[in-house]
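# Descriptive structure summary
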Amino acid sequence: MATVRPLVRFAVTGALLILIGLALLVGGIVLVTAGGTPFYLLAGIGFGAAGVLLWRGLAEALIAYAALLAAMLAWSLWEVGLDWWPLAARLDLAFVFGVLLVLPWIARHLRGPQSGRIVLALVVGASAVVAVGAGLRDTHEIAGQLPDAGPAVAATAPARVPDGEWHAYGRTAAGQRWSPLAQVTPDNVARLQVAWQFRTGDVRGRPGDPEETTDEVTPLKIGSRLYFCTPHQSVIALDATTGQQAWRYDPKMQADLALQHQTCRGLSYQPPAEAASATAPAASVALRGSGRRLDIAANDAKARADCGAKLFLATADGRLIALDPDTGAVCSRFGGGAGQIDLGANMPNLHPGSYYSTSPVIVTKRLVIVGGTVLDNFSTREESGVIRAYDIDTGALVWNWDSGNPDVTTPIAADATYTANSPNSWSIASVDEALGLVYLPMGNQPPDQWGGQRSPAVEKYSSSVVALDLATGRVRWVYQTVHHDLWDYDVPSQPSLVDLSVNGTTVPALVQPTKQGELFVLDRRTGQPLLPVAEQPAPQGAAAGDHTAGTQPKSALSYEPARLTGKDMWGGTIIDQMMCRIAFHKLRYEGRFTPPSTQGSLIYPGNFGTFNWGGVAVDPQRQSAFTTPTYLAFVSTLVPRPNPTAELVQNGQPPKGALPALNENFGAPFAVKLHPFTSPLGIPCQAPPWGYVAGADLRTGKVAWEHRNGTVRDLSPIPLPLRMGVPNLGGPVMTAGGVAFLSGSMDDYVRGYDVRTGRQLWEERLPAGGQATPMTYLGADGRQYLLVVAGGHGSTGTRPGDYVIAYALPKP
């Protein structure tokens, strides 16, 4: 029996090595054929040879395995240096088996000289030393610091927002996500604790919910109350100091909506001092609708109010509702007495759930300005991306800007329709009332990945920042961030307005993050770059019937990732890392802006975006930005449609029974398969980090510091808090106290950072995903509060919930 046991160990361990060798050998042949490195093929031979020798119980197996491990160690260091996670993917299996083989339970029973055991032990030890050395350094870190806070250059927004309040999505209409509160500092932030917690009762998973049902709201703080909307569009008012509910409004949503996104990023607020007169609008701006019933909520809600101030809610069934902040009652003078207006008015191709707003509207002294989202990549006959301005008191249409018909902004005739399928603005706008401009982050015309039929107007305004005149809606300037966008690189986030000191002169600036990783810093008066922008050559060779732009703009302040190579492929083991290398070599990839193709193209960064709707936070005192770059590659594959025109029925709508799935593109010559570039184990094929926090000087365009952010605790099967740097979805907030906060990383934590160095100072576990932008305010007790919404994100799979959590320093 004592003799049998070692033989079993030899057989089992040897068989495992042979199986690994066979997998690497076969995969290695495929990889070489695809144009990749031959090392996996050679490693397969090495594993197989060591396995055969071990199966036979020969001590030469130890020498063979030592040579294999030494070769793999040298090769790994040559490919990736002392970068721990890429080293681990290459060496983890080999190292584990090396430890097993050198232990007495196998080594001492092998036939032959035992000198191989010493050699193997030395190689295993060398591998361990390399692993420790790699673990003690971070090859991706940029160490440095941002400038100290100086006096504010100028007030970007009117001073009507008290320091302790938060009146708009980005605190003010400037969208800085910066608070002048300074009670919480780097010295005391670690003492933050939960002050109160509120449960909304709105959790994803209701019948009819799309996959992307998400809680992305940033609450407002006005007076003594907080105001916010839930994913299913209930509006809730809480006492800001205690978290007690004051009122709740149910908009009675229309049923059976074909939504792609079920979310509400926030409400908008009109202060009472800015309420317009009750004078009825002229006939030329009369109220109009689409013929849908607007009494869904108005007739059975609370009593109507003659509102001095207003909260505005844009709903998923295409309405704009005005509420009284004091009571939650609908505002009687808005919308012809209904308290709401129909955003489906004059829309082409209108169907339930096909047009709505996921982001808060923009509010000025006399206007409420509304953009919206359309079904993304469903068909070529979607609704219009028109931007409309309504009288803030009555809801009458004042002007409309349709990017498909941009020169006519006077209110549309009652019997006319806007341009179908024109580029829309689904994210959050910003406004500078002193300059008389509203700034729109523009999306693209469906389909995103094929643009062979785009009009000159579409080509001009897609994926651009557009500045419109507040009085007339006419274009004052346009700055395009991507030419002929084929990658779903919409301008995803709110432009941040800040006054910068440039060569001793104060310049009104606009900071625009983009999905492809650029931060464009523009003069917001003219749209001209303040930081240099270079047009760089872009890959060519679009699909049949399409073309690509010859160049693409790159800002001096760029988070463009390095071009991927086979060396950048990753996996949990050397085997799935090899599979990622095979997939990489089979895809078309020529760097950023590689066109989609029927072969399948690697898009990096993918449409998840280096930056998305959360944007960045901008500090007007430090003249800097706190940013959260994320890097995930996607695969975009065009699927030819034999007869695209026949797929649309006579009334111009998609086939009956077709689901509003992303990327169907009915009516276009290609559908699109779009998915993350992942290994057979479902983890990203590109090596980590996938997410960072970074600080940038907006005057020089220099990234002062950058650190990987977040752990895989909630992403891996085993909840290990390994700080690999994970993706983020949701924006940061900065404070005058020198602390920034972020809750959007995919590991269910809220964290606080020193804005000068980026050093993490505090973290607290969240009960659900925090994919929203935090905010901060002053309570009635004089304490500064940090508010985090944790409801989870459906399409990223973070934990669902319905939490609103306030943190504060302990009471004195």
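Here we summarise the structure given alongside this text. (Residues numbered from 1 in each chain as written. Predicted model: local features only at pLDDT ≥ 70, side-chain atom pairs only at ≥ 80, totals over all residues. Heavy atoms only, no water.)

### Side note on the pairing of strand β39 (residues 775-778)
For β39 and strand β40 (residues 784-790), the ladder comprises 4 bridges, and the chain directions are antiparallel. Bridge assignment links Thr776 to a residue of β40, and that residue is Leu786. Between β39 and β40, which pair antiparallel in sequence order, lie 5 residues; one of them, Gly782, sits at a positive phi of approximately 85°. (Pairing = 2+ DSSP bridges. Helix = DSSP H or I, 4+ residues; strand = E, 2+ residues; numbered from the N terminus.)

### A look at helix α2 (residues 39-55)
Its 17 residues give α2 an end-to-end C-alpha distance of 24 Å, which sits within 8% of 24 Å, the value for a rise of 1.5 Å per residue. Along α2, the positions that sit buried rather than exposed are Phe39, Tyr40, Ala43, Gly44, Gly46, Phe47, Gly48, Ala50, Gly51 and Leu54. Looking at the residues trailing α2, positive phi occurs at Gly57, about 75°. (Expected span 1.5 Å × (residues − 1). Buried < 20%, exposed > 50% of the residue type's maximum accessible area, 1.4 Å probe, protein only.)

### Things to note about the nonpolar core
Ranked by internal contacts, the top residues of the largest apolar core, which has 53 residues, are Trp196, Phe741 and Tyr777. In this structure, Leu68, Leu87, Val123 and Ile582 belong to the second largest nonpolar core, which totals 39 residues. (Core = buried A, V, L, I, M, F, W, Y, C linked by side-chain atoms within 4.5 Å.)

### Let's talk about the sheet that holds strand β22 (residues 475-480)
The antiparallel open sheet is built from 4 strands, whose spatial order is β19-β20-β21-β22. Looking at the sheet topology across the chains shown, the edges are occupied by β19 (430-432) and β22. Strand-to-strand twist in this sheet, taken as the mean axis angle between neighbours without regard to direction, amounts to 15°. The pairing of strand β21 (residues 464-469) with β22 spans 5 bridges and is classified as antiparallel. What sits directly across from Ser464, in β22, is Gln480. (Axes fitted to C-alpha atoms, helices over the stretch in contact; angles between N-to-C directions.)

### Concerning the sheet that holds strand β1 (residues 178-179)
Spatially, β1-β35-β36-β37-β38 is the arrangement adopted by the 5 strands of the open sheet, whose pairing is mixed. Here the strands that pair on one side only, and so sit at the sheet edges, are β1 and β38 (760-765).

### Quick word on the pattern of salt bridges
Between side chains of opposite charge, pairing is possible as soon as their charged atoms come close. Inspection of the entire model under this criterion finds 30 salt bridges. For Asp138, the salt bridge is made with Arg708, and the minimal N-O distance between the two is 3.0 Å. Taken as a pair, Asp138 in the loop between α6 (115-135) and β1 and Arg708 in strand β34 (residues 703-708) lie far apart in primary sequence, 570 residues in all. Among the residues examined, Arg708 registers a relative accessible area of 10% and is labelled buried. (Salt bridge = Lys/Arg side-chain N within 4 Å of Asp/Glu carboxyl O.)

### Thoughts on the layout of surface pockets
In this approach the atoms are scanned with a rolling probe the size of a water molecule, which exposes any empty space left behind. Quantified by volume, the second largest pocket comes out at close to 480 Å³. Taken together, 22 residues make up the lining of the second largest pocket; nearest its centre are His140, Pro561, Ala562, Tyr604 and Tyr692. Partitioned by chemical class, the residues of the lining of the second largest pocket number 14 nonpolar, 2 polar and 6 charged. (1 Å grid on protein atoms, 1.4 Å probe; cavity = no way out; pocket = protein on both sides within 12 Å on 5 of 7 lines; lining within 4 Å. Points joined across faces, edges and corners; volume = space filled by probe spheres on them. Nonpolar A, V, L, I, M, F, W, Y, C, P; charged D, E, K, R; others polar.)

### As for the packing of aromatic side chains
Inspection of every chain in the model, using the stated rule, returns 23 aromatic pairs. Pairing Trp487 with Phe593 gives two aromatic rings, centres 5.2 Å apart and planes at 75°, and the pair type is edge-to-face. Here Phe593 lies in the loop between α9 (574-586) and β28 (601-603) and Trp487 lies in the loop between β22 and β23 (496-502), a separation of 106 residues in the sequence. Under the relative-accessibility criterion, Phe593 is labelled buried at 6%. (Phe/Tyr/Trp six-rings, centres within 6.5 Å; stacked < 30°, edge-to-face > 60°.)

### Considering empty space enclosed by the protein
This structure, assessed with the given rule, holds 7 cavities of 30 Å³ or more. Computed from the structure, the largest cavity encloses a volume of approximately 120 Å³. Forming the boundary of the largest cavity are 16 residues, of which Pro360, Ile369, Val370, Gly371 and Ser427 lie nearest the centre. Residue composition of the lining of the largest cavity, grouped by class: 10 nonpolar, 6 polar and no charged.

### Topic: α6
Counted at 1.5 Å a residue, the expected span for α6 with its 21 residues is 30 Å, and the 31 Å between its end C-alpha atoms agrees. Listed as buried for α6 are Gly116, Leu120, Val123, Val124, Ser127, Val130 and Ala134. Projected onto a plane normal to the axis of α6, the buried residues spread over an arc of 115° and lie on a single side. Seen from the buried face of α6, the exposed residues on the opposite side, beyond 90 degrees, are Ile118, Leu122, Val129 and Val132. (Arc of directions from axis to C-beta.)

### Regarding a nonpolar patch on the surface
The grouping of Val12, Leu16, Leu19 and Leu22 at the surface amounts to a nonpolar patch, some 360 Å² of accessible area in total. Inspection of the secondary structure puts Leu22 in helix α1 (residues 4-33). (Patch = residues over 30% accessible without salt bridge, like charges linked within 9 Å, V, L, I, M, F, W, Y side chains within 5 Å. Areas by Shrake-Rupley, 256 points an atom, 1.4 Å probe, with all protein chains shown as cover.)

### Points about the packing of helix α4 (residues 84-102) against α9
Viewed as axis vectors pointing N to C, α4 and α9 meet at an angle of 140°, and their least axial separation amounts to 8 Å. In terms of orientation, α4 and α9 fall into the oblique class. Facing Ala89, Arg90, Asp92 and Leu93 of α4, the residues of α9 in contact are Ile574, Ile575, Gln577 and Arg581. The residue makeup of the contact of α4 with α9, split by class, is 4 nonpolar, 1 polar and 3 charged. (Parallel < 35°, antiparallel > 145°, perpendicular 65-115°, else oblique. Contact = heavy atoms within 4.5 Å.)

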